[in-house]
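Spelled out, the chains give:
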Amino acid sequence: MISKENILAIAKKTILSESQSITKLTDLLDDNFTDATLAIYNSKGRLIVTGIGKSAIIAQKMVATFNSTGTPSIFLHASEAIHGDLGMVQNDDVIICISKSGNSPEIKVLVPLLKRFGNTLIGVTGNISSFLAKGSDFVLNTTVETEACPMNLAPTNSTTAQLVMGDALAVCLMEIRGFTADDFAKYHPGGALGKKLLLRVQDMLEHTLKPIVSPDTSIKKVIFEISEKRLGVTAVVDREKVIGIITDGDIRRMLNERESFADLTAKDIMTRNPKLIQSTDMVVDALNILEDFSITQLVVVENEKYKGILHLHDILKEGIL
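Residues numbered from 1 in each chain as written. Predicted model: local features only at pLDDT ≥ 70, side-chain atom pairs only at ≥ 80, totals over all residues. Heavy atoms only, no water.

**Regarding the overall build of the protein**
Within the protein, the secondary structure is distributed over 14 helices and twelve strands. Seen through its principal axes, the protein has C-alpha atoms that stretch 90 × 55 × 35 Å. Buried residues in the protein amount to 44% of all 321 residues. Of all intrachain contacts in the protein linking residues separated by at least 6 positions in sequence, the fraction that spans at least 24 positions is 62%. (Helix = DSSP H or I, 4+ residues; strand = E, 2+ residues; numbered from the N terminus. Buried < 20%, exposed > 50% of the residue type's maximum accessible area, 1.4 Å probe, protein only. Contact = heavy atoms within 4.5 Å.)

**What to know about the sheet that holds strand β10 (residues 276-278)**
Reading across the sheet, the three strands line up as β10-β11-β12 and stay open at both edges, with mixed pairing between neighbours. Lying at the two open borders of the sheet, with one neighbouring strand each, are β10 and β12 (305-311). Strand-to-strand, the axes of this sheet are offset by a mean angle of 35°, without reference to chain direction. Across three bridges, the pairing between β10 and strand β11 (residues 297-302) is parallel. Bridge assignment links Ile 277 to a residue of β11, and that residue is Val 300. Here helix α13 (residues 283-293) sits on the sheet in contact with β10, β11 and β12, set at roughly 135° to β11. (Pairing = 2+ DSSP bridges. Axes fitted to C-alpha atoms, helices over the stretch in contact; angles between N-to-C directions.)

**Focus on a nonpolar patch on the surface**
Where nonpolar side chains cluster on the molecular surface, the patch consists of Ile 2, Ile 7 and Ile 10 and spans about 280 Å² of accessible area. Note on placement: Ile 2 falls in the segment before α1 (4-25). (Patch = residues over 30% accessible without salt bridge, like charges linked within 9 Å, V, L, I, M, F, W, Y side chains within 5 Å. Areas by Shrake-Rupley, 256 points an atom, 1.4 Å probe, with all protein chains shown as cover. Salt bridge = Lys/Arg side-chain N within 4 Å of Asp/Glu carboxyl O.)

**Looking at the packing of helix α3 (residues 54-68) against helix α7 (residues 157-177)**
Put simply, α3 and α7 touch, their axes get as near as 10 Å, and they point 20° apart. Here α3 is positioned roughly parallel relative to α7, judged by the angle of their axes. Once α3 is placed against α7, the crossing between them reads as right-handed. Listed contacts from α7 to Lys 54, Ser 55, Ile 58, Lys 61, Met 62, Thr 65 and Phe 66 of α3 are Thr 159, Gln 162, Leu 163, Gly 166, Asp 167, Leu 169, Ala 170 and Leu 173. (Parallel < 35°, antiparallel > 145°, perpendicular 65-115°, else oblique. Left-handed = near helix turned anticlockwise from the far one by under 90°.)

Treat this as a map of the structure, not an account of what it does.
Structure follows, in structure tokens:
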């Protein structure tokens, strides 16, 4: 039976093999890559990515990456293309065709059809002497010496190389377009990623209680306010401006240090100059402040007026962390 040590050794060997293949891609980049990138950037149409077998799966991932980073893209399966799906190709579209060998039967049928339409064709292949390479306007060389597969058969290093080449194209196009985090947010409105990019502090206050006391509020009423609002804190507000906060920790310390608190008010035990955040700030920025100062609550203000308390637990519930 194979040992755990052997399994780990095989895994490490596979990872190293693929990483070495990726590293060697840098030596294969030439003017074809820059010209292909500019052709996509300057195109008035869409980017169509096609392939067969494992390369088709890589093509789908490329399309997902391109679409999410500002390059409108469509996946076209090579075998379906020659059975009617070529109808999706428009005059100004740029086409990326992916094939390790560049000589598969489907590719040999597809390439002449694509060229007949007059579209710019970018070949991504590990065989620069192949049918695909010779028929392409630009060739992105993804040659690998061997596959990580022990029989040198299953596409491993080669598909990883294809994937990385697609990522390199996408990142270059992002840089050329000046693609920003705001642009990224437009294409990722859902899930944790969308919330990180879009959710603002004010959006978190809709269903949050607003604990508040005045500087002269008795300690008994301060304790009642903290308990009732269940946020472990209350803001001390004077003329709509926050002048301090009192946490349940402050209450515990007061009880430990004093036998009587009948003569105390909120201003006597409050923490002055608490950490504030504007209601229009991003929630992810609020999270960074909480982490940097190892605190669990932030006082939210808008134009210096008290708006509420943002608690770490509320952020965690949104799945942002």
